[in-house]
Amino acid sequence: MLTDFGLRDHYAGVMKGVIASIAPEARVIDLTHGVPAQSVAAGAIALAQSWRYFPRGTIFLAVVDPGVGAARRAIAVETRAGARMVGPDNGLLSLAARQAQVKRVVELKAARFRLTRVSSTFHGRDVFAPAAAHLWMGAPLESFGPRRAAIEKLEPDRPTRHRNRLAGSVIYVDGFGNLVTNIDRPSVGRLRASFPGRRLLVTIEGGAAIRIVDTYAAVPAGAPLATFGSFELLEIAVRDASAAEFFGAGEAARVTVSVSA
Amino acid sequence: MLTDFGLRDHYAGVMKGVIASIAPEARVIDLTHGVPAQSVAAGAIALAQSWRYFPRGTIFLAVVDPGVGAARRAIAVETRAGARMVGPDNGLLSLAARQAQVKRVVELKAARFRLTRVSSTFHGRDVFAPAAAHLWMGAPLESFGPRRAAIEKLEPDRPTRHRNRLAGSVIYVDGFGNLVTNIDRPSVGRLRASFPGRRLLVTIEGGAAIRIVDTYAAVPAGAPLATFGSFELLEIAVRDASAAEFFGAGEAARVTVSVSA
Amino acid sequence: MLTDFGLRDHYAGVMKGVIASIAPEARVIDLTHGVPAQSVAAGAIALAQSWRYFPRGTIFLAVVDPGVGAARRAIAVETRAGARMVGPDNGLLSLAARQAQVKRVVELKAARFRLTRVSSTFHGRDVFAPAAAHLWMGAPLESFGPRRAAIEKLEPDRPTRHRNRLAGSVIYVDGFGNLVTNIDRPSVGRLRASFPGRRLLVTIEGGAAIRIVDTYAAVPAGAPLATFGSFELLEIAVRDASAAEFFGAGEAARVTVSVSA
């Protein structure tokens, strides 16, 4: 389960009750309920960074759903990599689904796989949790509703390559205040290969140059650094502190990797 | 499990250790540990809104216990609907137990179903978790202690019907800042039926009129709305934002549904 | 699992995915993910206060790891009490391991018990979670790497006994704002025995005297108190409120137990 419901309320807990009622043997793992409220992009990134660490065949039940009760579809996705995903068709599933390669998509329409009364505000409980549970119990994908050709896509900004620099942005701020960018290791590798022997420097919002290092431990406590994080994306961090606070920066902040003069 | 222990500390985790020690096969589901500290009323509402979504026979272990170490009883409740509940007898269980219809109540007194040392501050670990685990293992209800005729009741304010309006209040503020009121759908339905063809308007703390709509999507982003939430109670919300912040209002704020002129 | 990853991000969830991929039948219990960021001492205290409430043979997977990517070792510990512990060798495991009595320690070096690619920032996912899962699956301790003679110790301050007083400090502030000190019940008992018939008073940062009582209920709401908490350490609390806020005090605040004049 991945939601933006937080852990203050009983909403995520109620969804687990629904699952246990339908699929008593199903194991439920909380991926996170701490996605920033209604941030489809942050949820999509978290799911994309996580799905491949779970057993083949895992059902990902994801609910970040600002359009609940409106026109957006409810879908289930089967992928070539084996992962299955259930959630609103608003882009939330799209990054992970693309990585896992979409095989089939159906719209969740069949009344028998929903709760009897479907509210207009809590499809997590009334539509998505029952669908995931019935899927786990072996209901075939086609029985949930009509096939759909494609799912809504989320197109996060890609870094732009200029002659001697890469221009990207912060796409995720984690709970430690680390600033995860959209600048991937291969892009930086290509920039480096074009300028052999030159040093690369990172700046955020045009500020002072930050070194790219291999580990946090390469700089003293309180000092900023850039490193390729655990998901192979360039992260800006401050050792033993919050980079978000240090730089006063958050999502969408501009990040540049440039070749030193 | 439902507690006000939060997830910062290891308290809820220790309770799960106690349960696993006694009932290694029991499945534990976190309903929530985010009940506002010592708010018996908020915990009671969360439990009342949740229990029916769990499998018949589920044991609800609920601990919001400002009177720990004092005179309040520790109880286990069996209900006609099949749900069982374990917790302090301070009203926390009362709303859910009334809905599920109380069948038998016992006071948790038997030393063999408690930890050897019972602290004066952590009955969740020393009394309630062991009781829930032993109950799950099949210990008969009567073996825990003497029968009690009734449990402490919590009487949340009910909305008051005046000739052409309903006066209620906010009883729960959720993590999204939605303001859940004690005004239920049938009461509003009766008001509407008395004034056919007239529109109903909602106000909070005597402010501007808010429309009752079916879905969040009926209003633009940033606009307030009133709707019957997923538990059939009138909620005041702001699309894609926090109503608690928008209105500067919280629990006990006065809410009125009135017939337009 | 005990970490400082919080529940906002998907990091703890990804670790559970790794465990489920290696040991699908393993039951994972969250002890807490709310250890204050990078606070090895707070994590060590939480683990020390918790391990004995879990079934014999439980594997404790603990990650509070400011030195990730640097020189600190990754270890697994076997104890005479049956508990096994996996985590960084930075003192995090030391308090619990001493209580449970260390039997054998190995360094986690074997590549086959790690993920294929080990990042420099997320050993929780790449090293510790796989080790715990393989240990659960029955891999013998020696197969993980070379034996080590000892583990890093954390030496929390002990209270100092003066003639007619004990000087200690706050070592943990819990989510309710209770101030847990390092002053244990036996030390206070010995002080009391030296001055029969005299009353003991507690002060924090040299402030007003606080009574030692048996239960929160012994004082009126809003009043401060000192009591031996559920882990047999002196705690300073305020009934139905936060002592941390009331006293404006936190970790390392000086606490004195003295004999009244």
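Residues numbered from 1 in each chain as written. Chains lettered and ligands numbered in written order. Predicted model: local features only at pLDDT ≥ 70, side-chain atom pairs only at ≥ 80, totals over all residues. Heavy atoms only, no water.

Asks: Tell me about the side chain of B:Arg125, and name the residues and values.
Replies: Here B:Arg125 lies in helix α4 (residues 123-136). Since its relative accessible area comes to 2%, B:Arg125 is described here as buried. In this structure, B:Arg125 is in contact with B:Val14, B:Met15, B:Val18, B:Leu115, B:Ser119, B:Pro130, C:Tyr53, C:Ser230 and C:Phe231, ignoring residues within four places of it in sequence. (Helix = DSSP H or I, 4+ residues; strand = E, 2+ residues; numbered from the N terminus. Buried < 20%, exposed > 50% of the residue type's maximum accessible area, 1.4 Å probe, protein only. Contact = heavy atoms within 4.5 Å.)

Asks: Kindly report on the interface of chain B and chain C, identifying the contributing residues and their values.
Replies: Frequently, the measure chosen for interface size is the accessible area removed from exposure when the parts meet. Contacts between the two partners involve 29 residues from chain B, matched on the other side by 32 residues from chain C. Note on chain B versus chain C: buried area summed over both sides is about 2,500 Å², and carbon and sulfur give 54% of it. Sorting the residues of chain B by area buried against chain C places B:Arg8, B:His10 and B:Thr121 first, and these three jointly supply 26% of that buried surface. Where C:Glu232 meets B:Arg117, a salt bridge forms, and the shortest distance between an N and an O atom there is 3.1 Å. For the pair chain B and chain C, the interface holds 15 residue pairs in polar contact (both at pLDDT 80 or more). For the side of chain B that touches chain C, the per-class residue count stands at 13 nonpolar, nine polar and seven charged. (Buried area = accessible area lost by both parts, 1.4 Å probe. Salt bridge = Lys/Arg side-chain N within 4 Å of Asp/Glu carboxyl O. Polar contact = N/O pair within 3.5 Å; in protein donor to acceptor, adjacent residues only side chain to side chain. Nonpolar A, V, L, I, M, F, W, Y, C, P; charged D, E, K, R; others polar.)

Asks: Just give me the short version of the pattern of salt bridges, but keep the residues and values in it.
Replies: All names here are of chain A. Applying the stated criterion to the full structure yields 36 salt bridges over all chains. The shortest N-O distance in the salt bridge between Lys 103 and Glu 78 comes to 3.6 Å. Of this pair, Lys 103 sits in strand β5 (residues 102-107) while Glu 78 sits in strand β3 (residues 74-79), placing them 25 residues apart in sequence. Of the residues examined, Lys 103 reaches a relative accessible area of 43% and is grouped as partly exposed. Among the charged side chains, a network of salt bridges with common partners joins Glu 78, Lys 103, Arg 104 and Glu 142.

Asks: How would you summarise the relation of the copies chain B and chain C if you had to cite specific residues and measurements?
Replies: For these two chains of identical sequence, chain B goes onto chain C by a turn of 120° and a shift of 0.0 Å along the axis, with RMSD 0.0 Å. Given the turn and translation reported, the copies of this chain are related as if by a three-fold rotation axis. Taking C-alpha positions as the reference, the residue of chain B nearest the rotation axis is B:Leu7, at 4.8 Å. When you check the interface residues of chain B against chain C, a mere 3% turn up at the interface there too, and the two sides of the contact use different surfaces. (Least-squares fit on C-alpha atoms with pLDDT ≥ 70 in both.)

Asks: Mind laying out a positive patch on the surface, listing which residues take part and the relevant values?
Replies: A grouping of A:Arg158, A:Arg161, A:Arg163, A:Arg190 and A:Arg198 is seen on the molecular surface, where their side chains present a positively charged patch. Secondary-structure assignment places A:Arg161 in strand β7 (residues 160-161). (Patch = residues over 30% accessible without salt bridge, like charges linked within 9 Å, V, L, I, M, F, W, Y side chains within 5 Å. Areas by Shrake-Rupley, 256 points an atom, 1.4 Å probe, with all protein chains shown as cover. Lys, Arg positive; Asp, Glu negative; His and termini not counted. Charge placed at Lys NZ, Arg CZ, Asp CG, Glu CD.)

Asks: Report on the pairing of strand β4 (residues 84-88) of chain B, specifying residues and quantitative values.
Replies: Residue and element names in this part refer to chain B. Counting buried positions over the five residues of β4 gives four, a clear majority of the element. Bridge count between strand β2 (residues 59-63) and β4: three bridges; the pairing is parallel. Counted as the bridge partner of Ile 59 is Arg 84 from β4. In the sheet, strand β3 (residues 74-79) pairs with β4 via five bridges, with the strands oriented antiparallel. (Pairing = 2+ DSSP bridges.)

Asks: Quick one: what's the story with the relation of the copies chain C and chain A, residue by residue and with numbers?
Replies: Note on the copies: chain C fits chain A at an RMSD of 0.1 Å, the axial shift is 0.0 Å, and the rotation between them is 120°. When the interface residues of chain C are mapped onto chain A, a mere 3% of them again lie at the interface, so each copy presents a different face.

Asks: Pulling in residues and values, what's your account of the interface of chain C and chain A?
Replies: If you look at the interface, chain C gives 29 residues, while chain A gives 32 residues. Between chain C and chain A, a total of about 2,500 Å² is buried, with carbon and sulfur atoms accounting for 54% of that surface. On the surface where chain C and chain A come into contact, there are one salt bridge. Along the contact surface separating chain C from chain A lie 15 residue pairs in polar contact (both at pLDDT 80 or more). Ranked by residues supplied to the side of chain C that touches chain A, first place goes to helix α1 (residues 11-22) of chain C with eight residues.

Asks: Tell me what's going on with the pairing of strand β8 (residues 165-173) of chain C, and back it up with residues and numbers.
Replies: Moving residue by residue along a regular strand, the side chains alternate between the two faces of the sheet. Residues and elements named next belong to chain C. Counted residue by residue, β8 has seven buried out of nine residues, so it is predominantly covered. Here strand β7 (residues 160-161) pairs with β8 via two bridges, running antiparallel. Across the sheet, the residue bridging to Thr 160 is Ala 167, located in β8. Counted between consecutive antiparallel strands, the loop separating β7 from β8 contains three residues. Where β8 lies against strand β14 (residues 254-259), five bridges are found, and the strand directions are antiparallel. Each residue of the ladder has a partner; that of Gly 168, found in β14, is Val 255. Bridging between β8 and strand β9 (residues 179-184) involves three bridges; their strand directions are antiparallel. Residue pairing across strands places Tyr 172 opposite Val 180, the latter belonging to β9.

Asks: Explain the environment of B:Ala42 to me, using residue names and the numbers behind them.
Replies: Tracing the chain through its elements places B:Ala42 in helix α2 (residues 40-50). Residue classification places B:Ala42 among the buried positions, given a relative accessible area of 2%.

Asks: Tell me about the packing of helix α1 (residues 11-22) of chain B against α4(B), residues and numbers included.
Replies: Think of two packed helices as two axes; the pair is described by the angle between the axes and how far apart they sit. Residue and element names in this part refer to chain B. Running from N to C, α1 and α4 point in directions that differ by 40°, and their axes come no closer than 9 Å. Overall, the two elements α1 and α4 adopt an arrangement that is oblique. When the axes of α1 and α4 are compared, the crossing they make is right-handed. For the pair formed by α1 and α4, the contact residues are Val 14, Met 15, Val 18, Ile 19 and Ile 22 on the first element and Gly 124, Arg 125, Ala 129, Pro 130, Ala 133 and His 134 on the second. Class assignment for the residues of the contact of α1 with α4 results in eight nonpolar, two polar and one charged. (Axes fitted to C-alpha atoms, helices over the stretch in contact; angles between N-to-C directions. Parallel < 35°, antiparallel > 145°, perpendicular 65-115°, else oblique. Left-handed = near helix turned anticlockwise from the far one by under 90°.)

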